[in-house]
Amino acid sequence: MAVLGDLASDAKRDSDLVRAACVLDKQERAQGVMELATGELLVIRDANAGADARGFATEKLVAASQRLEGLVEQARECVGDKTPEQSDDVTRNEVDESPTIPIPDPTVGGGAGGGKPPGMPPPVDDGMPPSVGSPSL
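Computed from a predicted structure; not experimentally measured.

K.L.:
It is not clear to me how helix H2 (residues 17-45) should be interpreted in this structure. Could you clarify?
P.N.:
The α-helix advances 3.6 residues per turn, and as a result positions three or four apart in sequence lie on the same side. In this model, H2 (29 residues) spans 42 Å end to end at C-alpha, consistent with the 42 Å of a helix rising 1.5 Å per residue. When we look at burial in H2, the residues that qualify are Ala-20, Val-23, Lys-26, Gln-27, Ala-30, Val-33, Ala-37 and Glu-40. On its buried face, H2 sits against helix H1 (2-13) and helix H3 (51-79).

Pasting the structure below:
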């Protein structure tokens, strides 16, 4: 509510009446949400309220909080404030790609569980001399 109040006072000082009306509309809507949230806070603090009533009131408060965040964002858009939020300034170092290397070791050969290579090497043609000599011969 404090952020909406600051945005509303800034909008009133500007000469643009459309922006000011937009921000004031969001502020009025937020006041309605706060009135509903106040009633739910009373239910949560009531010692005679059951666990189900408190749980439902908590869910309503979470929804009211999300609604207030949306109204603040809409009010910022009314005045043209496009500054990044703190949550946008977080740097991620995770990669969202699947691994390209197969899980089984491809150097072992065979199927998925490794094992012996599939088949024998090709036969050597005795009629053709090798193009490279072996250092061990």
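Next, the rest of the story.
K.L.:
Mind showing me how you'd approach the nonpolar core here?
P.N.:
Taken as a class, soluble globular proteins show a tendency for nonpolar side chains to be buried jointly. Of all hydrophobic cores here, the largest spans 16 residues; its most connected members are Leu-4, Leu-7, Ala-11, Val-23, Ala-30, Val-33 and Val-79. Where this core is concerned, the elements lending two or more residues are H1, H2 and H3. Ignoring any residue separated from it by four or fewer positions in sequence, one finds Leu-4 in contact with Val-23, Lys-26, Gln-27, Ala-30, Leu-71, Val-72 and Ala-75.

K.L.:
I would appreciate a short explanation of the side chain of Gln-27 in the present structure.
P.N.:
When you line up the elements, Gln-27 lands in helix H2. On the accessibility criterion, Gln-27 (17% relative accessible area) is buried. Residues in contact with Gln-27, not counting those within four places in the same chain, are Met-1, Leu-4, Gly-5 and Ala-8.

Rules of the game
- Residues numbered from 1 in each chain as written.
- Predicted model: local features only at pLDDT ≥ 70, side-chain atom pairs only at ≥ 80, totals over all residues.
- Heavy atoms only, no water.
- Helix = DSSP H or I, 4+ residues; strand = E, 2+ residues; numbered from the N terminus.
- Expected span 1.5 Å × (residues − 1).
- Buried < 20%, exposed > 50% of the residue type's maximum accessible area, 1.4 Å probe, protein only.
- Contact = heavy atoms within 4.5 Å.
- Core = buried A, V, L, I, M, F, W, Y, C linked by side-chain atoms within 4.5 Å.

Any functional reading would require information beyond the geometric quantities listed.
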